[in-house]
Amino acid sequence: MNDLSTLFLSPDREGIARAAEILGSGGLVAVPTETVYGLAADATNDLAVAKVFEAKGRPQFNPLIVHLPDLKAAESLADIPAMGHALASAFWPGPLTLVLPQKSGAPISPLVSAGLDSIAIRIPANTATCALLRRLGRPIAAPSANPSGRISPTTAQHVADGLGDRVDGILDCGHCSVGVESTIIGLTGDQAALLRPGGLPVEVIERCIGVPVRRKIAQDKVTAPGQMSSHYAPRARVRLNAETKQPGEILIGFGQIPDADLNLSVASDLTEAAANLFATLHKADRMGGPIAFAPIPETGLGLAINDRLKRAAAPR
Ligand code: TXA
Ligand code: MG
């Protein structure tokens, strides 16, 4: 529930200045992005980064995404291959994370990449968060601002409900427009690899670079909550590809589903469905009772939506 001590900051000059102050002194601020809210810490401060893991209750072996205001900042921390530059100019700022070789001597806490010599970078498309990054003048590490294994937050209230007083402030920009996490592309090998489907369809990425992206995620390196099976989990049991509603179930529809209690997109629009996904899961979870999802097509953003739903439904 809402913790009255949670500090909500408005995305104006004053709120951004306060958020920068908190981050600069090693505190945690939940920040809006176009995908989901992130739990931000100064990425150069070991203690601050450790607090992120502690606040989320997250296993330490999961590396975090570094958020930056622009490409220039990215170039100072990572070696960006030609393909990375093509993707950056097409899709940054936006829901795309690139895993790149980290420059030696980059002032990033080793906790951020969990000791790997790579770095995951993204430039979020949220003006308040970019203004905050510029004001702070340091990179921030930010996983989604939810307790580990639970539903990702797409409103400031979701953050307050899940993390309460474990954050020092929440920069409140209302609803996240994309609603699922960024697509993660690995650029440390010979071929671009899809490490996590997300808010930017992989087909769109392939059209940009003109070569296929390797889909299979290496099973030997489980690096991410995004790659753990029971993740994004509501408290209730979740059933997928439900053709009909069973007694007691909350049915979440996609398209024209007459007996749906909630609907991701009546118009069968995958972009709208992605934007509504986590808020709908939060809502269904509050209603109580088992949750059933109508089938969602496995194309475009449907890939990311189904990926999150499979994890929400995984045995735990
Ligand atoms: O949209 C998003 O990406 C959100 C917002 C807040 O930006 N962030 C997010 O972060 O989803 P998080 O911590 O929940 O997911 C981080 C993912 C992990 O699944 C991890 O596998 C991958 O990023 N990752 C981070 N650094 C990596 C690295 N060096 N190598 C491989 N994967 C990495
Ligand atoms: Mg997450």
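Notes on the structure follow. (Residues numbered from 1 in each chain as written. Chains lettered and ligands numbered in written order. Predicted model: local features only at pLDDT ≥ 70, side-chain atom pairs only at ≥ 80, totals over all residues. Heavy atoms only, no water.)

## Let's talk about the overall build of the protein chain
In step 1: Helix and strand counts for the protein chain come out as nine helices and 14 strands.
In step 2: Its C-alpha atoms give the protein chain a radius of gyration of 19 Å, near enough to 20 Å, the size a compact globule of 316 residues would have.
In step 3: Principal-axis analysis of the C-alpha atoms gives the protein chain an extent of 60 × 50 × 35 Å.
In step 4: With 316 residues in all, the protein chain has 56% of them scored as buried.
In step 5: Accessible surface computed for the protein chain: about 13100 Å², of which carbon and sulfur atoms make up 54%.
In step 6: Considering the protein chain, the positive charge centre built from 29 side chains and the negative charge centre built from 30 side chains are found 2 Å apart. (Helix = DSSP H or I, 4+ residues; strand = E, 2+ residues; numbered from the N terminus. Rg over C-alpha atoms; globule rule 2.2 N^0.38 Å. Buried < 20%, exposed > 50% of the residue type's maximum accessible area, 1.4 Å probe, protein only. Areas by Shrake-Rupley, 256 points an atom, 1.4 Å probe, with all protein chains shown as cover. Lys, Arg positive; Asp, Glu negative; His and termini not counted. Charge placed at Lys NZ, Arg CZ, Asp CG, Glu CD.)

## Considerations on the sheet that holds strand S7 (residues 140–141)
In step 1: With mixed pairing, the ten strands of this open sheet are ordered in space as S1-S8-S2-S3-S7-S4-S6-S5-S9-S10. Of all strands in the sheet, those with a lone pairing partner are strand S1 (8–9) and strand S10 (193–196), marking the two edges.
In step 2: Here strand S5 (residues 96–101) runs beside strand S6 (residues 118–122); their pairing, made up of four bridges, is antiparallel. By the bridge assignment for S6, Pro101 is matched with Ser118. (Pairing = 2+ DSSP bridges.)

## A few points about the nonpolar core
In step 1: Counting residues in each nonpolar core, the largest one holds 50 residues, and the members touching the most others are Leu87, Leu96, Ile121, Ile185 and Ile205.
In step 2: Among the elements of the structure, strand S3 (38–42), helix H2 (46–56), helix H3 (71–77), helix H4 (82–91), S5, S6, helix H6 (156–163) and helix H7 (202–209) are those that each provide at least two residues to this core.
In step 3: When residues no more than four places from it in sequence are discounted, the contact partners of Ile185 are Leu87, Leu96, Thr97, Leu98, Val99, Ala192, Ala193, Leu194, Ile205 and Val213.
In step 4: One finds Ile151, Leu264, Phe278 and Ala312 within the second-largest nonpolar core, a separate group that totals 27 residues. (Core = buried A, V, L, I, M, F, W, Y, C linked by side-chain atoms within 4.5 Å. Contact = heavy atoms within 4.5 Å.)

## Focus: the pairing of S10
In step 1: With three bridges joining them, strand S9 (residues 183–186) and S10 adopt antiparallel strand pairing. Bridged to Gly186 within S10 is Ala193.
In step 2: The hairpin turn running from S9 into S10, its antiparallel successor, is six residues long.

## Let's talk about the pairing of S6
Sheet faces and side chains relate simply in a regular strand, where the side chains alternate between the two faces.
In step 1: The buried fraction of S6 amounts to five of the five residues, a majority that puts the element mostly inside the structure.
In step 2: Residues of S6 alternate between two faces, with Ser118, Ala120 and Arg122 on one and Ile119 and Ile121 on the opposite face, all of them buried.
In step 3: In terms of strand pairing, strand S4 (residues 65–67) meets S6 through three bridges, oriented parallel. Opposite Val66, over in S6, you have Ile121 as the bridge partner.

## Thoughts on unusual backbone geometry
Negative phi characterises most residues that are not glycine, and trans characterises most peptide bonds.
In step 1: Backbone torsion omega between Trp92 and Pro93 reads -5°, so that peptide bond is classified as cis.
In step 2: When you line up the elements, Pro93 lands in the loop between H4 and S5.
In step 3: Although it is not a glycine, Asn241 adopts a positive phi angle of roughly 50°.
In step 4: Structurally, Asn241 can be placed in the loop between strand S11 (238–239) and strand S12 (250–253).
In step 5: The exposed category is assigned to Asn241, whose relative accessible area is 52%.

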